[in-house]
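As a plain string of letters, each chain reads:
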Amino acid sequence: MEINFYVYLLVAASTLYIIRMLPLTLIRRDIKNKYIRSFLYYVPFVTLAVMTFPAMLYATGSIVSGLAGFVIGVALAFFDGNLFRVALGSCLAVFITELIVK
Amino acid sequence: MEKANNNRTWYIKGIKDGIPIALGYFAVSFALGITAREAGITPLQAGCMSAVMLASAGQFAAINVIAAADTLIQMAVTTLVINLRYILMSSSMSQKLDKKMPFIHRLLLPCFVTDEIFGIASNVEGRLNPFYNYGAATVAVPGWTLGTILGAAVGAILPERIETALSVALYGMFLAIIIPGARKNKVLAVLVSVSMLLSFLFSELPVLSAISSGTRIILLTVVIAAAAAFLRPIEEETEEEAVHGD
């Protein structure tokens with residue numbers, strides 16, 4: 001029997017919601033254990049770093065422009081840190097590198 | 001009154017920080033829309049999916065399940081596995097919330113826990129006001145949804161060069177979140193460098209590269225963050241500094 005698209009979607013969306021919701025509803029107090037607190041404090045840095053590198057190098061289809069975006073992004077983030085400017089700077093670095101290379 | 005103003009300030013700040021997210025989302029969700037279209041999903045269906053799921057890898061996987069006409073159990077398991085990292089993100093976010101915050105926010109916030117919104121939220125100093133996330137979602141969700149609908153409706157319309165350039169927008173934003181912290185704090189600098197290095201090795205080395213990117217993210221996050229917590233536990237004051245109001 002063919003399953004309706006929206007039934008699939010309901011299952012996927014509910015599963016996803018539960019994954020995101022459970023920790024927020026179950027962990028309602030500040031964790032006192034310093035190791036667990038430290039772990040949770042470090043999580044975003046590690047996750048975002050792992051997700052960014054090396055994926056960013058492959059995002060453009062050419063390592064050279066991906067690397068340009070990464071290097072410029074790191075440099076801008078180091079001196080500035082504004083989300084929009086860093087994102088835009090990375091995009092521009094890719095754009096210009098692609099113009100030169102291709 | 002002051003509280004309402006505070007919420008409003010955070011909401012507006014969220015909108016501002018949500019703009020680069022929306023920009024990056026547009027490019028990614030466009031590609032997602034094209035994939036959905038190829039799987040025989042209509043623009044309306046694809047738009048609904050994006051609005052309620054807000055998950056790039058998770059949606060690509062869900063589209064595959066639908067295209068293959070797999071069972072609902074497969075859909076639930078696939079979604080669970082691909083998106084496990086959100087358990088870590090939501091747990092981390094739970095520690096930034098005020099204990100006295102109304103419970104309803106704990107049910108609303110998870111609607112908008114994406115890699116990017118989680119990223120900017122963890123970048124907030126001290127306690128997190130949920131209205132910051134809502135502000136970001138106000139621009140990011142339409143960006144994500146409209147991009148998907150357009151991609152599903154028309155296929156490739158953006159010039160290739162622009163699309164390519166936009167494909168790094170979200171990564172650029174991630175850098176803007178982690179690098180400033182690494183600049184100020186040596187432990188974080190080492191942490192970020194080690195994370196990138198290991199991620200690189202895992203994606204390049206034989207055997208290790210067979211591990212899917214979703215699993216790699218969870219595995220490395222748990223191992224590296226645990227090692228850092230063990231070697232360099234944070235003493236009370238670092239995070240405790242405060243945070244007046246809610």
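Note that the structure is predicted; figures quoted are calculated from it, not measured.

A. Spatial organisation of the overall build of chain A. Each helix and strand counted, chain A has five helices and zero strands in total. Ordered by position in the sequence, the α and β elements of chain A form the string α-α-α-α-α. Overall, chain A is about 50 × 50 × 20 Å in size when its C-alpha atoms are taken along their principal axes. Evaluated residue by residue, chain A yields a buried proportion of 54% over its 102 residues. For chain A, restricting intrachain contacts to residue pairs at least 6 apart in sequence, the fraction spanning at least 24 positions comes to 39%.

B. Expanded view of the packing of helix 7 (residues 115-122) of chain B against helix 8 (residues 130-154) of chain B. Residues and elements named next belong to chain B. The interhelical angle for the contact between helix 7 and helix 8, taken along N-to-C directions, is 145°, at an axis separation of 10 Å. Handedness of the crossing formed by helix 7 with helix 8: right-handed. Between helix 7 and helix 8, the residues in contact are I117, I120 and A121 and Y132, N133, A136, A137 and A140, respectively. In terms of residue class, the contact of helix 7 with helix 8 is made up of seven nonpolar, one polar and no charged.

C. Structural view of the domain arrangement of chain B. Taken domain by domain, chain B comprises domain 1 (2-168) and domain 2 (185-246). Spacing between the C-alpha centres of domain 1 of chain B and domain 2 of chain B amounts to 22 Å.

D. Broad picture of the packing of aromatic side chains. In this structure the tally under the stated criterion is 13 aromatic pairs over all chains. Relative to B:F30, the ring of B:F26 has its centre 6.1 Å away and its plane inclined at 35°; by these criteria the two rings are tilted. Of this pair, B:F26 and B:F30 are both found in helix 1 (residues 2-38), four residues apart, which corresponds to roughly one turn of the helix. For B:F30, a relative accessible area of 0% corresponds to the buried category. Clustering of aromatic rings is evident, with ring pairs tying together A:Y41, A:Y42 and A:F45. The cationic tip of B:R183 hangs over the ring face of A:F78; the distance from NZ or CZ to the ring centre is 4.8 Å.

E. Summary view of helix 8 of chain B. All names here are of chain B. Helix length check: helix 8, at 25 residues, gives a terminal C-alpha distance of 36 Å against a target of 36 Å (1.5 Å per residue), a fit within 8%. A137 marks the point of greatest bend in helix 8, at about 35°. Of the residues flanking the start of helix 8, the one acting as N-cap is N129, its side-chain oxygen 2.8 Å from the backbone nitrogen of F131. G155 sits one or two positions beyond helix 8 and adopts a positive phi of about 75°.

F. Geometry of the pattern of salt bridges. All names here are of chain B. In the structure shown here, the tally under the stated rule is five salt bridges over all chains. Two residues, K13 and D17, come together in a salt bridge whose shortest N-O distance is 3.8 Å. Residue K13 and its partner D17 are located together in helix 1, separated by four residues, close to a single helical turn.

G. Summary view of the nonpolar core. Ranked by internal contacts, the top residues of the largest apolar core, which has 95 residues, are A:Y42, B:M49, B:M53, B:M75, B:I178, B:L191 and B:M196. When residues in this core are grouped by element, the largest group, eleven residues, is from helix 10 (residues 169-184) of chain B. Built from parts of two domains, this core gets at least three residues from each of domain 1 (2-168) and domain 2 (185-246) of chain B. With residues up to four places along the chain from it excluded, the contact list for B:M196 reads A:A49, A:F53, A:F70, B:L175 and B:I178.

H. Inspection of the environment of A:P44 at higher detail. All names here are of chain A. Relative to the helices and strands, P44 resides in helix 2 (residues 34-52). The exposure class assigned to P44 is buried, which follows from its relative accessible area of 7%. Each C-alpha atom, one on P44 and one on T25, is 19 Å from the other, the two residues being 19 residues apart in sequence.

I. How the structure looks around helix 10 of chain B. Residues and elements named next belong to chain B. With 16 residues, helix 10 ought to run about 22 Å at 1.5 Å a step, and its terminal C-alpha atoms sit 24 Å apart, in line with that. The largest bend in helix 10 is about 25°, located at I178, with the proline P180 one to four residues further on. Helix 10 sits mainly inside the fold: 14 of its 16 residues count as buried.

J. Seen up close, unusual backbone geometry. Here the bond from A:F53 into A:P54 is cis, since omega is 5°, no more than 30 degrees from zero. Along the polypeptide, A:P54 turns up in the loop between helix 2 and helix 3 (55-58). Even without being glycine, B:L54 reaches a positive phi, approximately 45°. With respect to the secondary-structure elements, B:L54 resides in the loop between helix 2 (43-53) and helix 3 (56-67). Given a relative accessible area of 4%, B:L54 falls into the buried group. In the Ramachandran plot, B:A69 falls in the positive-phi region, its phi being about 55° despite a non-glycine side chain. Relative to the helices and strands, B:A69 resides in the loop between helix 3 and helix 4 (72-82).

What counts, and where the lines are drawn
- Residues numbered from 1 in each chain as written.
- Chains lettered and ligands numbered in written order.
- Predicted model: local features only at pLDDT ≥ 70, side-chain atom pairs only at ≥ 80, totals over all residues.
- Heavy atoms only, no water.
- Helix = DSSP H or I, 4+ residues; strand = E, 2+ residues; numbered from the N terminus.
- Buried < 20%, exposed > 50% of the residue type's maximum accessible area, 1.4 Å probe, protein only.
- Contact = heavy atoms within 4.5 Å.
- Axes fitted to C-alpha atoms, helices over the stretch in contact; angles between N-to-C directions.
- Left-handed = near helix turned anticlockwise from the far one by under 90°.
- Nonpolar A, V, L, I, M, F, W, Y, C, P; charged D, E, K, R; others polar.
- Domains from an automatic or database assignment.
- Phe/Tyr/Trp six-rings, centres within 6.5 Å; stacked < 30°, edge-to-face > 60°.
- Lys NZ or Arg CZ within 6 Å of the ring centre and 35° of its normal.
- Expected span 1.5 Å × (residues − 1).
- Bend = angle between axes of the 7 residues up to and from the residue.
- Polar contact = N/O pair within 3.5 Å; in protein donor to acceptor, adjacent residues only side chain to side chain.
- Salt bridge = Lys/Arg side-chain N within 4 Å of Asp/Glu carboxyl O.
- Core = buried A, V, L, I, M, F, W, Y, C linked by side-chain atoms within 4.5 Å.

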